[in-house]
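Here is how the chains run, residue by residue.
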Amino acid sequence: MLIPMKTTHKLQSEIADGMYRRLFLLRYGEEGISGAQERMVDALKSFEKYYGIADVAVFRAPARVTLAGSFTEVQGGKMLQMTVDREVLAVVSESLDGMIRIYSEEEGLSEIDPLRPVPKEEEEGTTTAIVKGIVHAFKRRGYQVGGFYAFLASNIPANASYGKAAAVEMLVAEALSQLHNDSRLGTQELAAMAQEAENTYYGHPSGVADQLAVGTGGFTYLDFSQAELPEVHPLKAPFEDWGLSFAWTELYPKSYATAKRRDAFAAAMTKELHRISAVLGGKRLSETSISEVILHAEELRNEVGEKSLLHAMYFLRESRRVRDLLWLIGSGSGKEEFLRSVKDAGEEAYRSLYEPAEKPFDSEAATALTAAETVLNGHGAALLLEGGTTGVVLAFVESDAFDRYRRAMDGLFGENSTTEITLSEDGVMRLF
């Protein structure tokens, strides 16, 4: 049974009349209302352009960033993630012919027969692959699948560390749950199906952390000690109380900071961590210690390579750092220690993980971290996201120092390279 919907025309009229002002205020804040309304109306008009006027529902999924614990999930690690005020919108209607048609701004029209979601190698890394994979996952578990039309609009930068693929995956999964399965599927199951789609159709051997973060929303602690049933704990973010804002600086050209590069690095790290685990007797890294790594140092060098020592130590130190950050956040009074820990995390990720594709990028990343530390001068902390694979510096900046920080970073890396992002409390959801 399909969910109640309104026409694209009616929704545009109601938005213009201010009917949803409270919803926009809660989701986007006073300063974000105008932009959010404009994006919503543009998405509705674009849907009409490709599919005509129709009864529709509107879904949204936020982007996410990892604050600590990158790449540790596969060995039972722990992570801190947060969803932010960038999102993918999906305007969705009932299909007239049983087919799934999705138009995205980047890829154009994708057409999928839900009865035959056959994977194709040439579709890896595309929205088509995501949709086929999720349809297959629903069918494999015995859930209903069916057609729908959708237009996807996004204000997430091309940069992969925002988890755009996870946002699209969770949108498609949520839409299928609500349209054809009476909205009865929970976040854990939707995230598991999204992960399956990403692994088998999209071509990225990811874990399920991104999908869980997008599905839950807000600031979350994830514990993967029990691989089959990860723990997800929403946290009260202390950053507003601490007077901290988030600054996002894109360092590299978009051709460099691609999802493909991050995915390749994540896949390589996954394989390497599994090989390290095998050398340590098959125990997951979350069940071992620095002393065991040192004890097996020569074996690791010979069987996995010199960097395996660095990566094993990174895993263990990062897992401890997540626990420390969790305590500092829970105490509500650990701002200075929190910033010191973030600074240390940035330096360690650069030292342990960063692998530049070309020499100039190595210098640019080093410049960014040094400049951020110099400009902040004790009024914040910065780190390279995802170990530098995305070409992005995320900084926690004391609010009264934000404009000075942004001007300095824009001066170094180009106008508008630095933007402010804010926490988004909601995960994937239906808006209208």
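Residues numbered from 1 in each chain as written. Predicted model: local features only at pLDDT ≥ 70, side-chain atom pairs only at ≥ 80, totals over all residues. Heavy atoms only, no water.

Looking now at the overall build of the protein. Across its full length, the protein holds 13 helices and 13 strands. The C-alpha radius of gyration computed for the protein amounts to 22 Å, which stays within 12% of the reference 22 Å derived for 432 residues, consistent with globular compactness. Principal axes of the C-alpha set define a box for the protein whose edges measure 65 × 50 × 40 Å. Of all 432 residues assigned to the protein, the portion counted as buried reaches 58%. Across the protein, every contact between residues at least 6 apart in sequence was considered, and the portion connecting residues at least 24 apart equals 73%. (Helix = DSSP H or I, 4+ residues; strand = E, 2+ residues; numbered from the N terminus. Rg over C-alpha atoms; globule rule 2.2 N^0.38 Å. Buried < 20%, exposed > 50% of the residue type's maximum accessible area, 1.4 Å probe, protein only. Contact = heavy atoms within 4.5 Å.)

Bringing the packing of aromatic side chains into the picture now. Within a pair of aromatic rings, the relevant descriptors are the distance that separates the centres and the angle that separates the planes. One pass over the structure, following the stated rule, counts 18 aromatic pairs. Between the aromatic rings of Phe239 and Trp242, the centroid separation amounts to 6.3 Å while the plane-to-plane angle is 70°, which identifies the pairing as edge-to-face. Accessibility classification places Phe239 together with Trp242 in one group, the buried group. (Phe/Tyr/Trp six-rings, centres within 6.5 Å; stacked < 30°, edge-to-face > 60°.)

Pairing between the strands of a sheet is mediated by backbone hydrogen bonds and can be parallel or antiparallel. Taken in spatial order, the 4 strands of this open sheet run 10-11-9-12, and their pairing is antiparallel. Only two strands of the sheet have a single neighbouring strand rather than two, namely strand 10 (380-384) and strand 12 (418-421). Shown here is a sheet whose adjacent strand axes are inclined to one another by a mean of 25°, direction ignored. Contacts from helix 13 (residues 402-413) reach strand 9 (244-250), strand 10, strand 11 (392-398) and strand 12, with the element oriented near 5° to strand 9. (Pairing = 2+ DSSP bridges. Axes fitted to C-alpha atoms, helices over the stretch in contact; angles between N-to-C directions.)

Right, let's get into the pattern of salt bridges. Under the criterion given, the structure shown has 28 salt bridges. One salt bridge connects Lys236 with Asp241, and the closest N-O pair in it is separated by 3.3 Å. By relative accessible area, Lys236 is classed as exposed at 65%. A salt bridge links Glu292 to Lys283; its shortest N-O distance comes to 2.9 Å. One salt-bridge network, in which partners are shared between bridges, spans Arg317, Glu318, Arg321 and Glu348. (Salt bridge = Lys/Arg side-chain N within 4 Å of Asp/Glu carboxyl O.)

Quick look at the pairing of strand 11 now. Taking burial as the measure, the 7 residues of strand 11 include 7 buried ones, the bulk of the element. Because side chains alternate across strand 11, one face comprises the buried residues Val392, Leu394, Phe396 and Glu398, and the other comprises Val393, Ala395 and Val397, equally buried. Where strand 9 meets strand 11, 7 bridges bridge the pair, whose relative direction is antiparallel. For Phe246, the partnering residue across the bridge sits in strand 11 and is Phe396. Two strands pair when backbone bridges link them, and strand 10 and strand 11 are joined in this way by 5 bridges, in the antiparallel orientation. Looking at strand 11, one finds that Leu383 is bridged to Leu394.

Tracing the sequence through the fold places Thr128 in helix 3 (residues 127-140). On the accessibility criterion, Thr128 (13% relative accessible area) is buried. Here Thr128 is in contact with Glu107, Ser110, Ile112 and Glu123, once residues within four sequence places are set aside.

Bringing the packing of helix 3 against helix 4 (residues 164-180) into the picture now. The interhelical angle for the contact between helix 3 and helix 4, taken along N-to-C directions, is 45°, at an axis separation of 10 Å. In this view, helix 3 runs oblique relative to helix 4, as classed from their interaxial angle. The handedness of the crossing between helix 3 and helix 4 comes out as right-handed. Of helix 4, the residues touching helix 3 (which contributes Thr127, Ile130, Val131, Ile134, Val135 and Phe138) are Ala165, Val168, Glu169, Val172, Ala173, Leu176 and Ser177. (Parallel < 35°, antiparallel > 145°, perpendicular 65-115°, else oblique. Left-handed = near helix turned anticlockwise from the far one by under 90°.)

Attention shifts here to the pairing of strand 7 (residues 219-223). The element strand 7 is extensively covered by neighbouring structure, given that 5 of its 5 residues are classed as buried. What you see with strand 7 is no split at all: Phe219, Tyr221 and Asp223 on one side and Thr220 and Leu222 on the other are buried throughout. As defined by bridge partners, strand 3 (residues 78-94) adjoins strand 7 across 5 bridges and the pair is classed as antiparallel. Pairing of Met79 across the sheet is with Leu222, part of strand 7. Where strand 7 meets strand 8 (residues 231-235), 5 bridges bridge the pair, whose relative direction is antiparallel. Bridging from a neighbouring strand, Tyr221 pairs with His233 of strand 8.

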